[in-house]
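Examination of the molecular architecture
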Amino acid sequence: MRIKRFLGAGAVAIALSGALSLPAQAADSFTIAAAGGSGGVSIWCPEGMQVTNPHVTNVDGSPLDPKQRVDTTALGSGSVPNGFAAWIAPYNGSPTPPADIKVTVTCTC
């Protein structure tokens, strides 16, 4: 299954960097972002929070080419997944994928 490649050390690093950047006081929601190669980027909200409002862009925040095919999936277990993954899925005749992409999500209680 393609999702397994997202569950490596990079996913752990992204989850930890997101958790370490949390505000000192608990919030109902906050936004986090992760960047990586267009072959796949995963991002995780802290346990007990869920991913909402996901966006996939070029690493600089600009929109992707409208002809890019972006595949996404929810990650995690249970009825409220707390992770999200995205990757560019090139097809014959599609634009060359960008070297890197950025995934931005809001984590909500």
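Predicted model only: the values in this text are computed from it and were never measured. (Residues numbered from 1 in each chain as written. Predicted model: local features only at pLDDT ≥ 70, side-chain atom pairs only at ≥ 80, totals over all residues. Heavy atoms only, no water.)

Next up on the list: the overall build of the protein chain. Per the secondary structure count, the protein chain includes one helix and six strands. The order of α-helices and β-strands along the protein chain, N terminus first, is α-β-β-β-β-β-β. Split into buried and exposed, the 109 residues of the protein chain put 34% on the buried side. Nonlocal contacts in the protein chain, meaning residues at least 24 apart in sequence, comprise 70% of its contacts between residues at least 6 apart. Approximately 6300 Å² of the protein chain is accessible, and the part contributed by carbon and sulfur atoms is 55%. (Helix = DSSP H or I, 4+ residues; strand = E, 2+ residues; numbered from the N terminus. Buried < 20%, exposed > 50% of the residue type's maximum accessible area, 1.4 Å probe, protein only. Contact = heavy atoms within 4.5 Å. Areas by Shrake-Rupley, 256 points an atom, 1.4 Å probe, with all protein chains shown as cover.)

With that settled, consider the state of the cysteines. Under the defined criterion, the tally for this structure stands at one disulfide. Shown here is the disulfide that connects C45 with C107, its sulfur atoms set 2.1 Å apart. Since a negative S-S torsion denotes a left-handed disulfide, the C45-C107 link at about -85 degrees is left-handed. One end of the pair, C45, is in the loop between β2 (41-44) and β3 (50-58); the other, C107, is in strand β6 (residues 100-108), and 62 residues separate them in sequence. Exposure remark for C107: the relative accessible area of 0% places this residue in the buried category. C109 forms no disulfide, and the closest cysteine sulfur to it belongs to C107, at a distance of 9.4 Å. (Disulfide = S-S within 2.5 Å.)

This part covers the sheet that holds β3. The strand order across the open sheet formed by three strands is β1-β6-β3, and the pairing between neighbours is antiparallel. Pairing within the sheet leaves two strands with one partner each, and these edge strands are β1 (29-37) and β3. Adjacent strand axes in the sheet meet at a mean angle of 20 degrees, parallel and antiparallel pairs treated alike. Bridging between β1 and β6 involves nine bridges; their strand directions are antiparallel. Paired with S29 across the bridge in β6 is T108. (Pairing = 2+ DSSP bridges. Axes fitted to C-alpha atoms, helices over the stretch in contact; angles between N-to-C directions.)

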